[in-house]
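Spelled out from the first residue to the last, the chains are:
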Amino acid sequence: MKKLARRIADSSPEVRRRAVRELGAIPMKDSIDLILVALADDDWRVRKETVSVLSDVPCDSDVVGRLVEALVQNDNVGLRNASAEALATMGGDAVTILSDRMGSLGAQDRKVALEVIGRSGDPRSGDMLISHLKDPDANVRVCTAELLGEQGGGEALDALMECVDKSDYLLTLAALQSLNKLGARIPWRKLEDLSDDPILGSEILFAMGRSAQPEAASIIVKNIPEEPAAVRSLELLHGDSNRTAKAVELALKNADEIVHETLAAIVSQEETIDQRAAVRCLMWSRRIESLPLLVSLVSDETMHRVIVEGLSDWGEPAFAALEEMLPTLDGRPLASVVGLLARILDEEQGRSKAALFIAYLHSSNIAVATAAAGAVARFGNEGVIPRLIEMSAFEDKRVRRAAGHALVQVGCRVPGAVRDRLLQMEITGLGGIEICRVFEVVGRPEDTSALAGALSSPIPELRRASLSSLAAIAGSAAVDTISLAMTDEDMGVRMAAAFALARIGPAAAETIVSAIHTTQGPLKAALVRALGRVGHIEAPAILKGLCRESSEVAMAALEAMRNLELAPGELQYEILNHDDSEVVKKALLFLGSAVSGQRIVALLKHPAWDVRLAAVDRLSFGEYRDPEISVELEARLRDEKDDLVRAAIEHALEERKGVK
Amino acid sequence: MRLGDPVIPLSLERFRLLRDLINRRFGIFFSDDDRYLVESRLSERLIHLDLLSFDDYYHYLQYHQDGEHELERGAEILTTNETYFFREEYQLKAFSQEILPELHERLINKRRMMIWSAGCSSGEEAYTIAMLVRDSGLFHGWDVRIFGSDISARMLAKARRGIFGTSAFRATSEDLQRRHFNPAQGSLQVNEDIRVLCHFGRLNLLDEEKIIFVGRADVVLCRNVLIYFDKRSKSRALSIIYDRLNDDGYLLLGHTESLLNLSTAFELVHLRNDLVYRRPKAGSDGF
């Protein structure tokens, strides 16, 4: 003990920390003096170690008494905090002793003691705290309200609700904070009485946001310049019901200029939660003057949806104002407005503005032309086809994609016109990739020769796209050509050929089966999945044989079997012996109740914990009723080292008790 | 390999080991006389891989994780030969004046024709065939597919680009150049209407499993390819080609090649301009 005492006084914090750890092995009645010394240590690591030691020892009333003494002394703040932390971990006895002594403690000590009680988790703590909401000391009452806010529960809510009145402003503020934290709805009559009180500030406004009262809207709006964070309350109130939504919108429309200036200022800040709420408020206010600010935010991913949805609700006034803005803009802002119009106009409105969009389609600014492509995708007709084809060959990939997408959409409306144009061109280069995608929509079986250039292109991406397109338009007639692509030197093209064959369907089955026998790795896996889509008379035998192959092929075989709804057979059970635990887990999932309990029991000794866990999960299902399985699970529980698996076994055993 | 790069000596014993390895995989055969060719061509691979001797290279091919790919690269280097458009003109004359008209007549109901250039190298042969098909004027609106295969990905990439230097045109008339090519990057590029007829793929002629992707061909050109194979591999390759040919389908070999002592499955056809082989109609004895 003397040695330990010397080490507790050592100059090195690490030596002192280790000494404390050793103190844990000594009966507490012998070590308590040194423990208290350690609790008052200057170094936080030593204090933390001491708290940890105290939380591990059996609770002893003498020790608790000494800690309480340490708690209520006023000389050493570090000791007091560490004692409070230690007592909070000790629960029951500490709460009893503190409760007994509460009457003799001063206000500051009562506060500290209540913190210990509040954080102890003891079931009596709620009642004890509630009784101190009427403590003679204001600080103790406030602290108690805060602690009840942390603790929650029905009784705490009721007690806090009682505190909300004009008699004790500090307690009311603390109670409001706690109630807001707990998401409580406070009766409107209480809030109404307090609405003019500047001390309660944002807390009363937050509470009003949750009140579901339309009357709250104008009060919150009026207070926004003083309490900008109240915009979030408006969001809450707006979302409550149609009535509150209308009240919020009306209050914002009628709001003073300074409210809108404040909203604009919040929107310009980077604080995302308030910023988004303020954007919504501007949307609801429907002031044309706010449009430039809102438009400037369209390119912000976090705001985009809010703005597009909001402006769609504005209707005609927004469209007219946005259109008026167009000549004053260029570059990205112009692209934003064009893109915005493309999204918010309905079809009829969009078609009436088609000429405007077509003009922007020819813009030399890439962003503007891309945005216009988005617009003509919705509203364009045959007039836009030549320009879109031109854009589909642009160097910038985003432009190509936008033009391709637009061509597909236009192709859905006027397929003949798009097809005629495509048949007049050579499908080459990177632009050809998009054109191939368009062909998928507008092409006809007799158009396959138009894709020939793409199929023999030096660009692998184009060869890939052409295969997909060919499968879509020519179907079974394309099998031979796609089959040739299985010899392509580019792996991506061979994969695309496999997908294309799958797309063709049963007519490609023979080719897929042949290809499965000649390939390896991911390509084989893709072909196996393709077989799962198209089916074949030999599919069951082929797929069973693949269960022993590499992980990716075995997984693909499992998926294919599931797609083809093949009944599991003996060979598939072999997959449960696969080296890859992911495959085994997937097999368990796929094979389901077809796997016997004994086979799953064998997996309880699998070297991978996740497989053992999956096996235990399956055994907890009702279909495995053999009592022997429970015996096996109990045996495994004795040997199992992994906590998760142990917990799962215990759960499974519990579940199985109800299974007869 | 650049001029001045060192040549790493290859002993006869090691040469035979390497030769047998390549032969087993690709059927390509090198006689003892080819030792110096193998030594000089493969030395660049040893230098590239930082290997000091052909013992190390053999070990690499056998046991390194990239050994399989390296074997392909080595075979590619050893078999790459320069070729050119309209090579062996008299045979092409037979093809365009006699075979194509006959195929047109025979296939007119299906309007579909498949020609396979086996061992196409950088694509000159496949494109030559495409030009002859176009110029014949017989196949407009047909589904014509000319498939060039080779074991060299590098050669296939060149074939797909379709851009060729002057040496590829030593047997191409100016008229043909003008009609079927366009200037590109200081060379000539095959016109799009020719390029679209040609497909390319990577195939080892002895890989029976993958060859099925070729489908059935009406003509197979396998010119100056079998010369690299030993007798057993030649027979296997011919058997594979036989299987891929439609009845009455033609096999065109190089002018120094014949099926003598290799296969009796094909029938010899005396055309006005050349002798070619043909797969007899079903019912005849094949392989």
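Residues numbered from 1 in each chain as written. Chains lettered and ligands numbered in written order. Predicted model: local features only at pLDDT ≥ 70, side-chain atom pairs only at ≥ 80, totals over all residues. Heavy atoms only, no water.

**Student:** In this structure, what is going on with the domain arrangement of chain B? I would like to understand it.
**Tutor:** It is common to report an interface's size as the accessible area lost on association of the parts. Residue and element names in this part refer to chain B. According to the domain assignment, chain B consists of domain 1 (12-79) and domain 2 (89-278). Computed over C-alpha atoms, the centres of domain 1 and domain 2 are 29 Å apart. Each partner contributes to the interface: domain 1 provides ten residues, whereas domain 2 provides eleven residues. Together, the buried faces of domain 1 and domain 2 total about 1,000 Å²; carbon and sulfur atoms form 48% of this surface. Counting across the domain 1 and domain 2 interface gives two salt bridges. Counting every contact that joins domain 1 to domain 2 gives six residue pairs in polar contact (both at pLDDT 80 or more). With four residues, helix α4 (residues 67-79) is the single largest residue contributor to the side of domain 1 that touches domain 2. Within the side of domain 1 that touches domain 2, the residues separate by chemical class into four nonpolar, three polar and three charged. (Domains from an automatic or database assignment. Contact = heavy atoms within 4.5 Å. Buried area = accessible area lost by both parts, 1.4 Å probe. Salt bridge = Lys/Arg side-chain N within 4 Å of Asp/Glu carboxyl O. Polar contact = N/O pair within 3.5 Å; in protein donor to acceptor, adjacent residues only side chain to side chain. Helix = DSSP H or I, 4+ residues; strand = E, 2+ residues; numbered from the N terminus. Nonpolar A, V, L, I, M, F, W, Y, C, P; charged D, E, K, R; others polar.)

**Student:** Would you take a moment to explain unusual backbone geometry for this structure?
**Tutor:** Among all residues save glycine, negative phi is the norm, and among peptide bonds the norm is trans. Residues and elements named next belong to chain B. The phi torsion at glutamate 88 lies on the positive side, around 60°, for a residue other than glycine. Structurally, glutamate 88 can be placed in the loop between α4 and α5 (89-107). Accessibility expressed as a relative area gives 10% for glutamate 88, which makes it buried. (Buried < 20%, exposed > 50% of the residue type's maximum accessible area, 1.4 Å probe, protein only.)

**Student:** Where do I start with the side chain of arginine 16 of chain A in this structure?
**Tutor:** Mapped onto the elements of the fold, arginine 16 of chain A is located in helix α2 (residues 13-23). Setting aside anything within four residues of it in sequence, one finds arginine 16 of chain A in contact with Arg7, Ile8, Ala9, Asp10, Ser11, Asp41, Asp43 and Val46 of chain A.

**Student:** Just to check I follow, could you spell out the pattern of salt bridges for this structure?
**Tutor:** Where charged atoms from two side chains of opposite charge approach closely, those side chains can pair. Residue and element names in this part refer to chain A. Under the defined criterion, the tally for this structure stands at 60 salt bridges over all chains. Measuring nitrogen to oxygen at the nearest pair gives 2.5 Å for the salt bridge that ties glutamate 235 to arginine 280. Residue glutamate 235 is located in helix α16 (residues 231-238), and its partner arginine 280 is located in helix α19 (residues 272-285); the two are separated by 45 residues in the primary sequence. Residue classification places arginine 280 among the partly exposed positions, given a relative accessible area of 28%. Each member of the salt-bridge network shares a partner with another, and the members are Glu14, Arg17, Arg18, Arg21 and Glu49.

**Student:** Is there a simple way to explain the sheet that holds strand β1 (residues 112-118) of chain B in this structure?
**Tutor:** All names here are of chain B. Read across the sheet, seven strands follow the order β6-β2-β1-β7-β8-β10-β9 without closing on themselves; strand pairing throughout is mixed. At either end of the open sheet lies a strand with only one pairing partner, and these are β6 (198-202) and β9 (267-270). Adjacent strand axes in the sheet meet at a mean angle of 25°, parallel and antiparallel pairs treated alike. Pairing analysis gives four bridges linking β9 to strand β10 (residues 275-278), with the strands arranged antiparallel. Bridge pairing links glutamate 267 to arginine 278 in β10. Those strands touched by α5 are β1, β7 (217-222), β8 (245-253) and β10, and its axis lies near 175° from that of β8. (Pairing = 2+ DSSP bridges. Axes fitted to C-alpha atoms, helices over the stretch in contact; angles between N-to-C directions.)

**Student:** I would appreciate a short explanation of the nonpolar core in the present structure.
**Tutor:** Residues and elements named next belong to chain A. Leu311, Leu322, Leu388 and Ile482 are the most contacted members of the largest nonpolar core, which totals 241 residues. In terms of residue count, helix α26 (residues 366-379) provides more of this core than any other element does, ten residues in total. If you count residues domain by domain, this core takes at least three from each of domain 1 (1-120) and domain 2 (596-660). (Core = buried A, V, L, I, M, F, W, Y, C linked by side-chain atoms within 4.5 Å.)

**Student:** Explanation requested: helix α4 (residues 44-56) of chain A in the structure shown.
**Tutor:** Because an α-helix packs 3.6 residues into every turn, residues spaced three or four apart end up facing the same way. All names here are of chain A. With 13 residues, α4 extends 19 Å between its outermost C-alpha atoms, agreeing within 8% with the 18 Å of an ideal straight helix rising 1.5 Å per residue. Those residues of α4 that fall on the buried side of the exposure criterion are Val46, Glu49, Thr50, Val51, Val53 and Leu54. At its buried positions, α4 is contacted by α2, α3 (28-39), α5 (61-72) and α6 (77-90). (Expected span 1.5 Å × (residues − 1).)

**Student:** Is there a simple way to think about the domain arrangement of chain A in this case?
**Tutor:** Here chain A is described as being made up of domain 1 (1-120) and domain 2 (596-660). Taken over C-alpha atoms, the centre of domain 1 of chain A sits 44 Å from the centre of domain 2 of chain A.

**Student:** Looking at this structure, how should I read the interface of chain B and chain A?
**Tutor:** At the interface, 23 residues of chain B touch 22 residues of chain A. Buried surface at the junction of chain B and chain A, both sides included, amounts to about 2,000 Å², of which 58% is carbon and sulfur. At the boundary of chain B with chain A, the tally comes to three salt bridges. Taken together, the connections running from chain B to chain A amount to eight residue pairs in polar contact (both at pLDDT 80 or more).

**Student:** Would you mind showing me how to read a negative patch on the surface here?
**Tutor:** Residues and elements named next belong to chain A. Together, Asp127, Glu155, Asp158 and Glu162 make up a region of like negative charge exposed at the surface. A total of three residues in the negative patch trace back to one element, the largest contributor, which is helix α11 (residues 154-163). By secondary structure assignment, the location of glutamate 162 is in helix α11. When its relative accessible area of 59% is taken as the criterion, glutamate 162 is described as exposed. (Patch = residues over 30% accessible without salt bridge, like charges linked within 9 Å, V, L, I, M, F, W, Y side chains within 5 Å. Areas by Shrake-Rupley, 256 points an atom, 1.4 Å probe, with all protein chains shown as cover. Lys, Arg positive; Asp, Glu negative; His and termini not counted. Charge placed at Lys NZ, Arg CZ, Asp CG, Glu CD.)

**Student:** I keep staring at empty space enclosed by the protein and nothing clicks. Help me out?
**Tutor:** Empty pockets left among the atoms are what a rolling probe the size of a water molecule brings to light. Scanning all chains against the criterion turns up one cavity of 30 Å³ or more. There is about 100 Å³ of room inside the largest cavity. Lining the largest cavity, in full, are Leu455, Ser456, Arg463, Leu467, Thr481, Leu484, Ala485, Asp488 and Val493 of chain A together with Arg160, His199 and Phe200 of chain B. Elements with a contribution of two residues or more to the lining of the largest cavity: α32 (460-474) and α33 (479-485) of chain A together with β6 of chain B. Per-element accounting of the lining of the largest cavity gives the leading share, three residues, to α33 of chain A. Grouping the amino acids of the lining of the largest cavity by side-chain chemistry returns six nonpolar, three polar and three charged. (1 Å grid on protein atoms, 1.4 Å probe; cavity = no way out; pocket = protein on both sides within 12 Å on 5 of 7 lines; lining within 4 Å. Points joined across faces, edges and corners; volume = space filled by probe spheres on them.)

**Student:** Quick question: what am I supposed to make of the layout of surface pockets here?
**Tutor:** Counted as a void, the largest pocket has a volume near 830 Å³. Forming the boundary of the largest pocket are 34 residues, of which Thr448, Ser449, Ala450 and Ala452 of chain A together with Trp142 of chain B lie nearest the centre. Secondary structure elements with two or more residues in the lining of the largest pocket: α31 (452-455) and α32 of chain A together with α6 (124-136), β2 (143-150) and α9 (192-195) of chain B. Grouping the amino acids of the lining of the largest pocket by side-chain chemistry returns 18 nonpolar, eight polar and eight charged.

**Student:** Please explain the sheet that holds strand β5 (residues 187-190) of chain B as it appears in this structure.
**Tutor:** Strand pairing in a sheet is mediated by backbone hydrogen bonds. Such pairs are either parallel or antiparallel. Residues and elements named next belong to chain B. Taken in spatial order, the three strands line up as β3-β5-β4 in an open sheet, and their pairing is antiparallel. Bordering the open sheet on either side are β3 (163-164) and β4 (181-184), each of which pairs with just one other strand. In the sheet, β4 pairs with β5 via four bridges, with the strands oriented antiparallel. Directly across from phenylalanine 181, in β5, lies its bridge partner valine 190.

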